[in-house]
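Single-letter residue listing:
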Amino acid sequence: MTTTATLHGLCRDWERWAASADRSEEGWQSDYPAWDALMGAAQTTMLQPALSAEELADVELCWAISSEAETLADFAREHLDQCWETLQRLSTSEHSAVRWQVFSVLGSAGPRAAGLLRAGLDDPDPYARRRALFSLARQAPGDARQLAERFLRDPDPYLRQAALEMARASHDAWFMREVARRLRDDEAAHVRGAAAALAQYGVGAE
């Protein structure tokens, strides 16, 4: 039996098991008795180029159900070149739990991921947008100031906090202090704390 056939069969078996599984605790998906075999088959399939629509759908399911531990995301980070084509296709998954993991992984992919991450800044899911913004900040893009400005007034406080990280990526001490000043009285305590930390970093960046 091929790896693809094994993955497809395991995915269907997981779905049958999940129909009556105890879902009372987070991460219940991994209680599936053949979980390790399922994840192993998904990993092997991800390494193959030009996956069929069926293969991609099975891999996509495995990413979605393993988001609690980010099992496949961690594997993809370690095998970026081999998984690159699959990551590109998964970045437009219909499942937000898949997309945010992909955007997180792409933070380790360097400049080639910039286009995918910029597309992620318009993702309909705020958590996926935040992961894309954090990952893009790791690349210190030339328009970091403009990107930070875009999200500084976002209704989502976690995106405002991510904007602070993009401001840090600008390496502009004046701008960092200015951004920190603008968010020092933010309604969210975690944003205020991040702004205070950025203000200190801005001083050190002189």
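Note that the structure is a prediction, hence the values are computed from the model and not measured. Each chain has its residues counted from 1, following the order in which its sequence is written. Per-residue local features of the predicted model are confined to residues with pLDDT of at least 70, and side-chain atom pairs are confined, for both listing and counting, to 80 or more; whole-chain, interface and lining totals are unaffected and use all residues. Side-chain measures here rest on the full set of heavy atoms in the structure, leaving out hydrogens and waters.

**With respect to the overall build of the chain**
Consideration 1: Numbered from the N terminus, helices here are DSSP runs of H or I no shorter than four residues, and strands are runs of E no shorter than two. Regarding its fold elements, the chain presents twelve helices and zero strands.
Consideration 2: Listed by position from the N terminus, the elements making up the chain come as α-α-α-α-α-α-α-α-α-α-α-α.
Consideration 3: With the principal axes as the frame, the chain shows a C-alpha extent of 60 × 40 × 25 Å.
Consideration 4: Counting only residues that meet the buried cut, the chain has 49% of its 206 residues in that class.
Consideration 5: The accessible surface values rely on the Shrake-Rupley method and a 1.4 Å probe; as for residues, cover is taken only from the protein chains in view. Accessible surface, the chain: about 10100 Å² in total, of which carbon and sulfur atoms supply 49%.
Consideration 6: Of the charged side chains in the chain, 22 are positive and 32 negative, and the gap between their average positions amounts to 9 Å. Each residue is assigned to one of three classes by its accessible area relative to the maximum for its type, calculated with a 1.4 Å probe on protein chains only: buried under 20%, partly exposed between the two thresholds, exposed over 50%. Positive residues here are Lys and Arg, negative ones are Asp and Glu, while His and the chain termini are left out of the count. By convention, charge coordinates are those of NZ in Lys, CZ in Arg, CG in Asp, or CD in Glu.

**Notes on the side chain of Arg130**
Consideration 1: Position of Arg130 among the secondary structure elements: in helix 8 (residues 126–137).
Consideration 2: Any Lys or Arg side-chain nitrogen found within 4 Å of a carboxyl oxygen on Asp or Glu counts as a salt bridge. Within the buried set, Arg130 has no salt-bridge partner at all; the shortest N-O distance to an opposite charge, 5.5 Å, is to Asp156.
Consideration 3: Those residues within four positions of Arg130 in sequence are excluded, and the remaining contacts are Tyr158, Leu159 and Ala162. Contact definition: two residues touch when any of their heavy atoms are within 4.5 Å.

**Some points on the environment of Leu10**
Consideration 1: Within the secondary structure, Leu10 is located in helix 1 (residues 3–18).
Consideration 2: Overall, Leu10 belongs to the buried group, its relative accessible area being 15%.
Consideration 3: Spatially, the C-alpha atoms of Leu10 and Asp143 are 45 Å apart, while their sequence positions differ by 133 residues.

**As for the state of the cysteines**
Consideration 1: When the sulfur atoms of two cysteines come within 2.5 Å, that pair is taken as a disulfide. This structure, assessed with the given rule, holds zero disulfides.
Consideration 2: Of the cysteine sulfurs around Cys11, a residue in no disulfide, the closest is that of Cys62, at 3.8 Å.

**Looking at the packing of helix 5 (residues 80–90) against helix 6 (residues 96–106)**
Consideration 1: A fitted line through C-alpha atoms represents every axis, and for helices the fit uses only the stretch in contact; the resulting angles, taken between N-to-C directions, go from 0 to 180 degrees. Where helix 5 contacts helix 6, the two axes come as close as 10 Å, and the packing angle between them is 140°. Here helix 5 is positioned oblique relative to helix 6, judged by the angle of their axes. Along this stretch, helix 5 crosses helix 6, giving a crossing that reads as left-handed. Residues Leu80, Trp84, Leu87 and Leu90 of helix 5 form the contact with helix 6, whose participating residues are Val98, Arg99, Val102, Val105 and Leu106.
Consideration 2: In terms of residue class, the contact of helix 5 with helix 6 is built from eight nonpolar, no polar and one charged. We call two directions roughly parallel when the angle between them is under 35 degrees, roughly antiparallel when it is over 145, roughly perpendicular when it lies between 65 and 115, and oblique otherwise. Throughout, a crossing is termed right-handed when the near helix is turned clockwise from the far one, and left-handed when it is turned anticlockwise from it by less than a right angle. Residue polarity follows a fixed list, in which Ala, Val, Leu, Ile, Met, Phe, Trp, Tyr, Cys and Pro are nonpolar, Asp, Glu, Lys and Arg are charged, and the others, Gly among them, are polar.

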